[in-house]
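If you want the building blocks of each chain, they are given just below.
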Amino acid sequence: MAANMYRVGDYVYFENSSSNPLLIRRIEELNKTANGNVEAKVVCFYRRRDISSTLIALADKHAREMEEEMENPEILDLPEKQKHQLRHRELFLSRQLESLPATHIRGKCCVTLLNETEALKSYLDREDAFFYSLVYDPQQKTLLADKGEIRVGTKYQADITDLLAEGEEDDRDLSKLEEKVWDPSSSLIEKEIDQFLVVARSVGTFARALDCSSSVRQPSLHMSAAAASRDITLFHAMDTLHKNGYDMTRAIAALVPQGGPVLCRDEMEEWSASEANLFEEALEKYGKDFADIQQDFLPWKSLTSIIEYYYMWKTTDRYVQQKRLKAAEAESKLKQVYIPNYNKPNPNQLSSNSVKLGGLVNGGGAATVAAAAAAAAAAAAVGGAAAAASAPGQPVVLGRACESCYTTTSYQWYSWGPPNMQCRLCASCWTYWKKYGGLKMPTRLDGERPGPNRNNLVSPDTLSTHNLTVRHSGSPKFAVKTRQAFYLHTSQLTRAARRVCQDLLRSRVLGRHPYNPVNTAAIKAECVVRLPDTPKKLQPLKPLVRKPLESVVRYLEAHPCPPKPEPQRSSTISTSSLTPIKSSPILNNGSPTILGKRNYEQHNGLEGTKPKALTAQWDIMSKRVCEPGRNVAALQDQVHELD
């Protein structure tokens, strides 16, 4: 019951997405809406994954500076895994407030200001424990140190001198250490001091009557007398009395010098009504963060003036009224709210029917499923009991391993990451991901280690001993769109046609001119005619001896290419030659690449010269037509194909 009761000031998890990590917020208010629902006004905390890489670099720099100041060797001795997990425990405080439905609360957590005297490893030993040391501004995109840090350490301690022995004289120069502003053992009695203070108040009231700005701010005598009775007037009176050696006559004369009575004002009197309203508005938004109040609301005021006004403002009736009003509002608001446990299934949860086996991913059938089961058995044999052991009643799920801990057994699996990667997490790693916003181990998405499915969990040698075929064992690369791997498999007939019809199909020429057209139908027909007359064993290709690169470079250096002569240009150009040239339209009825190599008549089937690439094929076909016993009609069809 107490675990599900949430109060103002609690640090809680909020869920805004089924696949993203939980949000961490602090409850400031609990309000009941008109519909009867409960909304929580919360303070936002941000994770490292929520801020830019530039600010993360600043945070890392601040962390290194803190490590140097703390001089704690335990931080440097932490293994990489714990350092990786420690980054997930760091949060960044913000001044941003937002309202969220209370039904989205998913549990409590603990967030504390980083204590320099506490070991960082202690946060890893506690569940749901986080720390923060920097303040993040989502609007300005800035990261600053928290002003409320606890100053603990030797550099913040005062240096205490040794205690003087009895009768020992203090050889320090007291005038340099402190200044005496009042002597309680003076010749004046309390009644005389009070009378002098009354005179000082009267002079202050008269000075405000003479001042034009004061008469506007305090139009009545009562308000002027009240302003003259403030502490600033009393401090000036006692200081004047001390400077004049507690001589009443000289002190009264000092209150009214030759230029007129002295007017003393404090910050409460110097500030205008509009400035006071701005201060109250800023105090409501930022609290006692006077630096932010000065920066955003009162930049023309000094920080000392703002702090002094704050403590004077707390003595006014205005502060007392606002305090009573807030207390009344707090009484009407909710103090706590009960949120039951959230038991609905997560949409990322993978059911046993939806889990794809390793063989089914590639469209394998029952044989492939059996092979996958055998592969799992082989993996258990190689990995030992740690790889094959599972809790009682824990189903063994074949296929991809957990992206975090590399386990292949879990009572529940969850899809994780981009859909095209088909990654998944076990139940334990999924809970860690939702709470801490990362994986227990660095993943290949972070560029720190390869994924568990990129390197085979079972070596190919082990699978070969079990007569298993490894197919699609690697994980697809992180890409926007997956692509099916393929390669062109050249058949034996195609390879034979290349050798038999070398005079028709000049591979080297076509390799250098890939846009030249190739009549594959004619070559195939000629290959069928020549194959019966070709010996079964083709003659081996003539070995090609290539010269080394050094000799080619020396030859090019010795025989440089002659420069091309530049065309002579006339010094004067007539204006009549500047007529625009009309370009003739190009009739493109086919491929633009083929049209670039053949003229218009050849491309459109008109009479004209044959292309050079097909000259040898034309000559062979014309001879075949004249040979007796040939099927002229079939050869004529081939001739038309050549056209």
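Starting afresh in each chain, residues are numbered from 1 along the sequence in its written order. Under the rules for a predicted model, residues below a pLDDT of 70 receive no local features and side-chain atom pairs below 80 are neither given nor counted, while totals for whole chains, interfaces and linings still include all residues. Side-chain figures throughout are based on the complete set of non-hydrogen atoms in the structure, without hydrogens or water.

Undergrad: An account of the overall build of the chain is needed here, citing residue identities and associated values.
TA: Summing up its helical and strand segments, the chain has 28 helices and 12 strands in all. The classification of residues rests on relative accessible area computed with a 1.4 Å probe and restricted to protein chains. Under 20% of the type maximum is buried, over 50% is exposed, and intermediate values are partly exposed. The buried share of the chain, reckoned over its 643 residues, is 31%. Two residues form a contact once any of their heavy atoms are found within 4.5 Å. Intrachain contacts of the chain at a sequence separation of at least 6 include 62% that bridge at least 24 residues. Every accessible area reported is derived by Shrake-Rupley at a probe size of 1.4 Å, with residue values counting cover from the shown protein chains alone. Entry remark: accessible area of the chain is about 43400 Å², with carbon and sulfur atoms responsible for 55%. Secondary structure is summarised from DSSP: a helix means a run of H or I of at least four residues, a strand means a run of E of at least two, and numbering begins at the N terminus for each.

Undergrad: If you had to explain the layout of surface pockets to someone new, which residues and values would you point to?
TA: For the second largest pocket, the calculated volume is near 660 Å³. Looking at the second largest pocket, it is lined by 27 residues, and the ones nearest its centre are Glu-15, Leu-22, Arg-106, Tyr-342 and Thr-431. Among the elements of the structure, strand E6 (105–113) and helix H19 (427–436) are those that each provide at least two residues to the lining of the second largest pocket. It is H19 that provides the largest number of residues to the lining of the second largest pocket, a total of five residues. When grouped by side-chain class, the residues that make up the lining of the second largest pocket number 13 nonpolar, eight polar and six charged. The pocket and cavity definitions rest on a 1 Å grid over protein atoms only: a 1.4 Å probe that fits but cannot leave marks a cavity, an open set with protein on both sides within 12 Å along at least five of seven lines marks a pocket, and residues lining either have an atom within 4 Å of a point. Grid points are joined across faces, edges and corners, and a volume is the space filled by probe spheres set on the points. Under the scheme applied, nonpolar residues are Ala, Val, Leu, Ile, Met, Phe, Trp, Tyr, Cys and Pro; charged residues are Asp, Glu, Lys and Arg; polar residues are all the others, including Gly.

Undergrad: If you had to explain the pairing of strand E8 (residues 142–145) to someone new, which residues and values would you point to?
TA: The rule for pairing is simple: two strands pair if DSSP sees at least two bridges between them. With four bridges joining them, strand E7 (residues 129–137) and E8 adopt antiparallel strand pairing. The residue bridging Asp-137 from the neighbouring strand is Thr-142, located in E8. Linkage of E7 to E8, two consecutive antiparallel strands, is achieved through a turn of four residues, within which Lys-141 is found at a positive phi near 55 degrees.

Undergrad: Could you give me a rundown of helix H8 (residues 221–228), with the residues and numbers involved?
TA: Given 3.6 residues per turn, any residue in an α-helix points the same way as the ones three and four places further on. Buried residues of H8: Ser-224, Ala-227 and Ala-228, and no others. End-on view of H8: buried residues confined to an arc of 100 degrees, all on one side of the axis. As for H8, its buried residues are in contact with helix H6 (190–210), helix H9 (231–243) and helix H11 (267–270). When we speak of the arc, we mean the arc of directions from the helix axis to the C-beta atoms.

Undergrad: Requested: an account of unusual backbone geometry, with residues and values cited.
TA: With phi around 60 degrees, Tyr-246 is a residue other than glycine that occupies positive phi space. At Tyr-406, a position not held by glycine, the phi torsion is positive, near 70 degrees. Within the secondary structure, Tyr-406 is located in the loop between helix H18 (385–388) and strand E11 (413–416).

Undergrad: Before we move on, can you summarise the pairing of strand E4 (residues 38–46) with the specific residues and values?
TA: Counting buried residues in E4 gives seven out of nine residues, a clear majority hidden from the surface. Across eight bridges, the pairing between strand E3 (residues 23–32) and E4 is antiparallel. Each bridged residue has a counterpart across the sheet, and for Arg-26 the counterpart in E4 is Val-43. As judged from the seven bridges shared by E4 and strand E5 (residues 90–101), these two strands associate in the antiparallel manner. From the neighbouring strand, Phe-45 faces E5, where its bridge partner is Leu-93.

Undergrad: Can you tell me about a nonpolar patch on the surface, naming the residues and giving the values?
TA: Within the patch definition used here, like charges are joined within 9 Å and nonpolar side chains (Val, Leu, Ile, Met, Phe, Trp, Tyr) within 5 Å, considering only residues with over 30% relative accessible area and no salt bridge. Basic side-chain nitrogens of Lys or Arg form a salt bridge, by our definition, when they fall within 4 Å of a carboxyl oxygen of Asp or Glu. Judged by side-chain polarity, Leu-549, Val-552, Val-553, Tyr-555 and Leu-556 come together as a nonpolar surface patch covering roughly 500 Å² of accessible area. In this fold, Val-553 is placed in helix H24 (residues 549–558). The exposure class of Val-553 is partly exposed, given its relative accessible area of 37%.

Undergrad: Help me get a handle on the state of the cysteines, residues and values and all.
TA: Pairs of cysteine sulfur atoms within 2.5 Å are what we label disulfides. Within this structure, the stated rule accounts for zero disulfides. A disulfide-free cysteine, Cys-426 has its sulfur positioned 3.5 Å from the sulfur of Cys-429, the nearest such atom.

Undergrad: Help me get a handle on the pattern of salt bridges, residues and values and all.
TA: Taken as a whole and assessed by the stated rule, the structure comprises 18 salt bridges. Glu-15 serves as the salt-bridge partner of Arg-106, at 2.8 Å between the closest nitrogen and oxygen. One end of the pair, Arg-106, is in strand E6; the other, Glu-15, is in the loop between strand E2 (11–14) and E3, and 91 residues separate them in sequence. Among the ionic pairs, Arg-25 bridges to Glu-98, the shortest N-O distance being 2.8 Å.

Undergrad: Give me the lowdown on the packing of aromatic side chains, citing residues and values where you can.
TA: How two aromatic rings sit relative to each other is given by the distance of their centres and the angle of their planes. Each aromatic pair joins two rings of Phe, Tyr and Trp (for Trp, the six-membered one) with centres within 6.5 Å, and gets the label stacked for planes under 30 degrees apart, edge-to-face for over 60, and tilted for any other angle. Counted under the stated rule, the structure contains 20 aromatic pairs. Here the aromatic rings of Tyr-310 and Tyr-311 are separated by 5.0 Å at their centres, their planes lie at 75 degrees, and the arrangement is edge-to-face. In this structure Tyr-310 comes out as buried when scored by relative accessible area, which is 7%. Aromatic side chains Trp-313 and Tyr-319 sit 5.2 Å apart centroid to centroid with 70 degrees between the ring planes, which places their arrangement in the edge-to-face category. Among the aromatic residues, ring-to-ring pairing joins Trp-271, Phe-279, Phe-290, Tyr-309, Tyr-310, Tyr-311, Trp-313 and Tyr-319 into one connected group. In this analysis the charged atom, NZ for Lys or CZ for Arg, is taken to sit over a ring once it is within 6 Å of the ring centre and within 35 degrees of the ring normal. Across the ring face of Tyr-123, the terminal group of Arg-126 is positioned such that the distance to the ring centre comes to 5.1 Å. The ring of Trp-413 has Arg-424 sitting right over it, with the charged end atom 3.8 Å from the ring centre.

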